[in-house]
Amino acid sequence: MTAGGGGRIRAALDRLASRGERALVAYTMAGYPPGRGALSVFRGIVRGGADVVEVGLPFSDPLADGPVIRDAAAASLRGGTTVDGALAFVRRARKEEPGLPLAIMTYANILHRRGYARFAADAARAGADGLIVPDIPVDESAGYAAAAAAAGLDAVLLAAPNTPPGRLRLLASRSSGFLYLVAVYGTTGAREGGPPEYALRAVRAARRAAGGRIPVGAGFGVSAPGDVARFVGAGADAVIVGSAILRLAGTVPPRRLEDEVASLVRGLKEPTLPRGRRPFPRGPA
Amino acid sequence: MRGRFGPFGGRYVPETLVPALDELEEGYAAAKADRRFRAELAGYLKDYAGRPTPLYFARNLTRMAGGARIYLKREDLLHGGAHKINNTMGQALLARRMGKRRVVAETGAGQHGVATAMACACLGIRSEVYMGSKDAGRQSLNVYRMGLLGSRVRTVDTGSRTLKDAISEAIRDWTANVSDTHYLLGSAVGPRPYPGMVADFQGVIGKEIRRQMRGAPDAAVACVGGGSNAIGTFRPLLRTGAELVGVEAAGRGLGTGMHSATLGAGSPGVLHGMMTYLLQDADGQVGGTHSVSAGLDYPGVGPEHAFLKESGRVRYASATDEEAVAAFRALATAEGIIPALESAHAVAEAVKVARRMGGSKSVVVTLSGRGDKDVGVVRGRAAAGGEGA
C-alpha cells in the first residue's frame, strides 16, 4: 500500500517555526492556464520560495471560491482537465520537487464520485501529502478522514471567523497538517483594504484553540505582501494565497509566466521570514 | 427535525455556514413550536396568499384520459401564481423573527424569485435574487416582476447559467454576509435544515388534499425539479395507501443526454450542501441538463426524494419536453387552465396513471403553478415548427 507523505506538511511547518520563520502556502490549479501553463505557475511558485503548495483540482461547482478561482476552474475543465489528468499533474510536481509538501484542494463530490478510499489512495500514489476539502465539515468527515489516514494523507480541516471556541478546539484536535483558517467571510479572492480587524482576531482565536498542538494557516483575501504581514503579525503559522497567483497567471503571456509568478510569490514570502533575514532594501518586484 | 434521509441529506458546506445553519435550525425549531408563529403564518397564507386552494375535479381531462377521476390541486391560484409562496412566506416570517435584515434567494423559472420578492415586500425585508442569465432570458417577464416588487435581480453568467449556478452564487453571497442575511432557499434541497423545513412549509398542500378528499386519493402526481411541491404533496400521504408518482423532466429524451431526470438517470453525489442524486460525469463534474421548463432544469434533487426513490415508496417517472407541451395545450383546451410547463409534466403523467386505473379511482395532480410565464416559450416552439399551433 502506498503511503502519503507521512507528515511532510507538518514537518516543514515545524522546521520553519524552529528558526522563527512562518510558512507561505501557495495555490495553483491543475490545468490552468491550459496547456503547459500550470507547470510554469508551479515552477514559479517553487522558485518564489513557497513552503507548501496546494494543487487545486477543478470542480464544476466550487462553492467556496470567488470569481478568480471559479473562472479558472471553469477554464481548466473546458480545457479538458480530468481527475486523472490533475493527479498526473501532481505526480509531475512531486517528481520535480521530491521534498516539497503538496496538498490537493478540491470538493466533496470529486472524492465521493471515485470513493473516498480510492481517491485518497490515488492522491497518495501521485505524491500528495494532504487533502483540503472545503465542503466536508468535521461533522461529515468520518469516512473522508478515515480514508485519508489510511492512505497516509493529512486531512486539513477548515475553520471560520464565526466558529465558536468549543468547535474551534474540536477542529484543531481533528485536523492534521495544519488548521486552515478561512479568515474572512465569503469566498476566495482579494478584498479591498486587506484583512479586516475581525480576521486578525480570528487568527488569534484559532491559535488559542490550537494551543500550539497544530499550526494555524490563514487564508482567503490575501493578495499583497502587506496582507501576509498582517496575518503573520497576528500570529499565523502559515499564510495561504491563491487567487492573486491565478489572477496573474490569467493575464501574463506564457513565456513570462514562471518569472512573474516567482516574483509575486517572492514578495509574498518575504514577510514570513525572520526579521534578520528579510532582504533590505527590497529588490525589484 | 430529520437531517438525514437514509444516506442522503446532511450538511456539506463551508465551515462559515455551519454556525448559520445551526442558528437557522434552532430558530426554526423554536418558531415551529410557537403557536403565535404558526397562527401568523396561517393568517398570511389565508388572507395574503389565498389558501386553502381548491381541489378541482377536472371533468373533461378525466373524460379524455378515460380512467380514474382526475383532480387538480390548484396551487396555480395562489398569489404570485405558484406554490412557492407557501415556503417564502414561512421563511420570510422566520427571517424577520430571527432579526435578519436582508434576504438572498435563487430562482430558476423566476417563480421562487417572485414569491420571495412578494413575501419580503409584504414584511418589509430587503431582498436580492440570483438568476442564471439563460433563465433570465427565457423568463424576462418574471425578471421585471421581481424589480416591480422591489427586489434586486442579479444575473449569473457562470457555468450553465441556470438554477444550479444561481444557487451557487446565492450561497456565496450568504457566506459573505452571513450575520445579517437569511438565505431563502426555494426548494427542498440544500444542507440541513432546508430540505425538511421547506417540506414542512409545503406540506400544507398534502394536508389540504387529505382534508378535501376526505382521506387519501388512490394516486397523487407532482412534478420534481428540486421537488418542493412534490414533497409537500407526498409527505402527508406517505403513510397512506396512495400511489405516489414524481415526474421529472425527460427533456429531449433520456437517451439523448439532454434532460433533467436526476432520479431517473443520475447517481449519488454531493452538491449544494447535500448528499443526493446528481446528473454528473464519470469524474463527478455536475451539469449538462436540459428542460423546456426552467424550473425543472436542475442537476440535483431534494435528498428526501433520493431516499423515497431508493425505498421504493415513490415512483419517479419522467415526461419529455414534447409530452409536457402537449399536456400544457391539452389542459388549456380541455379545462380552460394554462398550467406552468413544470406542472404540465405532472399532468402528462397523471393522464397515463388515470388511464390504467378504473373509473372508481381518484388521481390528484398538483398544479404547482400557472402557465402565463410560459406562453412565450410555447408560442416560440410552435413558430419554430416544434408543435402544431
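Every value quoted in this text rests on a predicted model; they were computed, and no experiment measured them.

Along chain A, the regular secondary structure elements total 12 helices and 9 strands. For a compact globule of 285 residues, the expected C-alpha radius of gyration is about 19 Å, and chain A comes in at 17 Å, within 12% of that figure. Each principal axis of the C-alpha atoms in chain A carries an extent, and together these give about 50 × 50 × 30 Å. Across the 285 residues that make up chain A, the buried fraction comes to 60%. Summing over all exposed atoms, chain A offers an accessible surface of approximately 10700 Å²; the carbon and sulfur share of this is 53%. Averaging the locations of the 37 positively and 24 negatively charged side chains of chain A gives two centres separated by 3 Å.

Turning next to the overall build of chain B. Broken down by element type, chain B carries 16 helices and 14 strands. Rg of the C-alpha trace for chain B: 19 Å, near the compact-globule value of 21 Å for 389 residues, within the 12% margin. Principal-axis analysis of the C-alpha atoms places the extent of chain B at approximately 55 × 45 × 40 Å. Per-residue burial for chain B yields a buried fraction of 66% across its 389 residues. Counting only contacts in chain B whose residues sit at least 6 apart along the sequence, the fraction spanning at least 24 positions is 75%. Here chain B contributes 49 positive and 37 negative side-chain charges, whose respective centroids are spaced 6 Å apart.

Residues and elements named next belong to chain B. One open sheet holds the 6 strands; their spatial order is 3-4-14-9-10-13, and the pairing between them is mixed. If you trace the sheet from one side to the other, it starts and ends with strand 3 (55–57) and strand 13 (314–320), each paired once. Within the sheet, the average angular offset between the axes of one strand and its neighbour, ignoring direction, is 25°. Looking at chain direction, strand 3 and strand 4 (residues 69–73) are connected through 3 bridges and run antiparallel. Across the sheet, residue Tyr56 finds its bridge partner in strand 4, namely Leu72. Contacts from helix 14 (residues 321–335) reach strand 3, strand 4, strand 10 (243–251) and strand 13, with the element oriented near 90° to strand 13.

Our next topic: the interface of chain A and chain B. In this assembly, 36 residues from chain A lie in contact with 35 residues from chain B. Taken together, the links from chain A to chain B amount to 4 salt bridges. Salt-bridge contacts for Lys164 of chain B lead to Asp61 of chain A; the nearest nitrogen and oxygen are separated by 3.0 Å. In this structure, the connection of chain A to chain B is made through 19 residue pairs in polar contact (both at pLDDT 80 or more). Within the residue set of the side of chain A that touches chain B, elements represented by two or more residues are helix 3 (67–78), helix 5 (108–114), strand 6 (158–159) and helix 8 (165–174) of chain A. If one sorts the elements of the side of chain A that touches chain B by residue count, helix 5 of chain A sits on top with 6 residues. Residue classes in the side of chain A that touches chain B are distributed as 19 nonpolar, 8 polar and 9 charged.

Let's shift gears to helix 9 (residues 194–202) of chain B. The buried count for helix 9 of chain B comes to 8 of 9 residues, which makes it a mostly enclosed element. Buried residues of helix 9 of chain B: Tyr194, Pro195, Gly196, Met197, Val198, Ala199, Phe201 and Gln202 of chain B, and no others.

Time to look at the confidence of the model for chain B. Model confidence for chain B is summarised by a mean pLDDT of 95, while 98% of its residues fall at 70 or above. Predicted complex metrics record ipTM = 0.95 and pTM = 0.95.

Relative to the helices and strands, Asp76 of chain B resides in the loop between strand 4 and helix 4 (84–97). Of the polar contacts made by the side chain of Asp76 of chain B, one reaches the side chain of Arg74 of chain B; its length is 2.8 Å.

Another point: helix 4 (residues 83–96) of chain A. Residue and element names in this part refer to chain A. The first and last C-alpha atoms of helix 4 sit 20 Å apart over 14 residues, in line with the 20 Å expected at 1.5 Å per residue. Those residues of helix 4 not exposed but buried are Val83, Ala86, Leu87, Phe89, Val90, Ala93 and Arg94. Down the axis, helix 4 shows its buried residues gathered within 150° of arc, on one side only.

Attention now goes to the pairing of strand 10 of chain B. All names here are of chain B. Most of strand 10 is tucked away, with 8 of its 9 residues classed as buried. Pairing of strand 9 (residues 219–223) with strand 10, which is carried by 5 bridges, proceeds in the parallel orientation. Paired with Val221 across the two strands is Val245, which belongs to strand 10. Traced from strand 9 through helix 11 (residues 228–234) to strand 10, the parallel crossover comes out right-handed. Across 7 bridges, strand 10 lies against strand 13 in parallel orientation. Note on strand 13: the bridge partner recorded for Glu248 is Ser318.

A few words now on the side chain of His305 of chain B. Residue and element names in this part refer to chain B. Along the chain, the position of His305 falls in helix 13 (residues 303–311). The exposure class of His305 is buried, given its relative accessible area of 1%. Not counting residues up to four positions away in its chain, the partners in contact with His305 are Val224, Gly226, Gly227, Ala230, Ile231, Phe234, Leu263 and Tyr316.

Moving on, we come to the environment of Met89 of chain B. Residues and elements named next belong to chain B. Positionally, Met89 belongs in helix 4. Using a relative accessible area of 0% as the deciding quantity, one classes Met89 as buried. Note: C-alpha distance between Met89 and Glu128 (39 residues apart in sequence) is 16 Å. Discounting chain neighbours no more than four positions away, the residues touching Met89 are Leu41, Tyr44, Leu45, Tyr48, Ala119, Cys122 and Leu123.

Residue and element names in this part refer to chain B. In contact at an axis separation of 10 Å, helix 2 (residues 35–49) and helix 4 are set at 135° when each is read in the N-to-C sense. Here helix 2 is positioned oblique relative to helix 4, judged by the angle of their axes. Of the two possible hands of crossing, helix 2 and helix 4 adopt the one that is right-handed. Every residue of helix 4 that contacts helix 2 at Phe37, Glu40, Leu41, Tyr44, Leu45, Tyr48 and Ala49 is listed here: Ile85, Asn86, Met89, Gly90, Leu93, Leu94, Arg96 and Arg97. When the residues that make up the contact of helix 2 with helix 4 are grouped by side-chain class, the tally is 10 nonpolar, 2 polar and 3 charged.

Counting across every chain of the model gives 12 aromatic pairs over all chains. Judged by centre distance (5.0 Å) and plane angle (35°), the ring pair of Tyr185 of chain A and Tyr198 of chain A falls under tilted. Of this pair, Tyr185 of chain A sits in the loop between strand 7 (179–182) and helix 9 (197–210) while Tyr198 of chain A sits in helix 9, and the two are 13 residues apart along the sequence. When its relative accessible area of 26% is taken as the criterion, Tyr198 of chain A is described as partly exposed. A ring pair is formed by Phe57 of chain B and Tyr71 of chain B, whose centres lie 5.4 Å apart and whose planes are at 45°; its orientation type is tilted. Of this pair, Phe57 of chain B sits in strand 3 while Tyr71 of chain B is found in strand 4, placing the two residues 14 residues apart along the sequence.

The rules behind these values
Residues numbered from 1 in each chain as written. Chains lettered and ligands numbered in written order. Predicted model: local features only at pLDDT ≥ 70, side-chain atom pairs only at ≥ 80, totals over all residues. Heavy atoms only, no water. Helix = DSSP H or I, 4+ residues; strand = E, 2+ residues; numbered from the N terminus. Rg over C-alpha atoms; globule rule 2.2 N^0.38 Å. Buried < 20%, exposed > 50% of the residue type's maximum accessible area, 1.4 Å probe, protein only. Areas by Shrake-Rupley, 256 points an atom, 1.4 Å probe, with all protein chains shown as cover. Lys, Arg positive; Asp, Glu negative; His and termini not counted. Charge placed at Lys NZ, Arg CZ, Asp CG, Glu CD. Contact = heavy atoms within 4.5 Å. Pairing = 2+ DSSP bridges. Axes fitted to C-alpha atoms, helices over the stretch in contact; angles between N-to-C directions. Salt bridge = Lys/Arg side-chain N within 4 Å of Asp/Glu carboxyl O. Polar contact = N/O pair within 3.5 Å; in protein donor to acceptor, adjacent residues only side chain to side chain. Nonpolar A, V, L, I, M, F, W, Y, C, P; charged D, E, K, R; others polar. pLDDT = per-residue confidence, 0-100. Expected span 1.5 Å × (residues − 1). Arc of directions from axis to C-beta. Right-handed = clockwise from strand over helix to strand, strands pointing away. Parallel < 35°, antiparallel > 145°, perpendicular 65-115°, else oblique. Left-handed = near helix turned anticlockwise from the far one by under 90°. Phe/Tyr/Trp six-rings, centres within 6.5 Å; stacked < 30°, edge-to-face > 60°.

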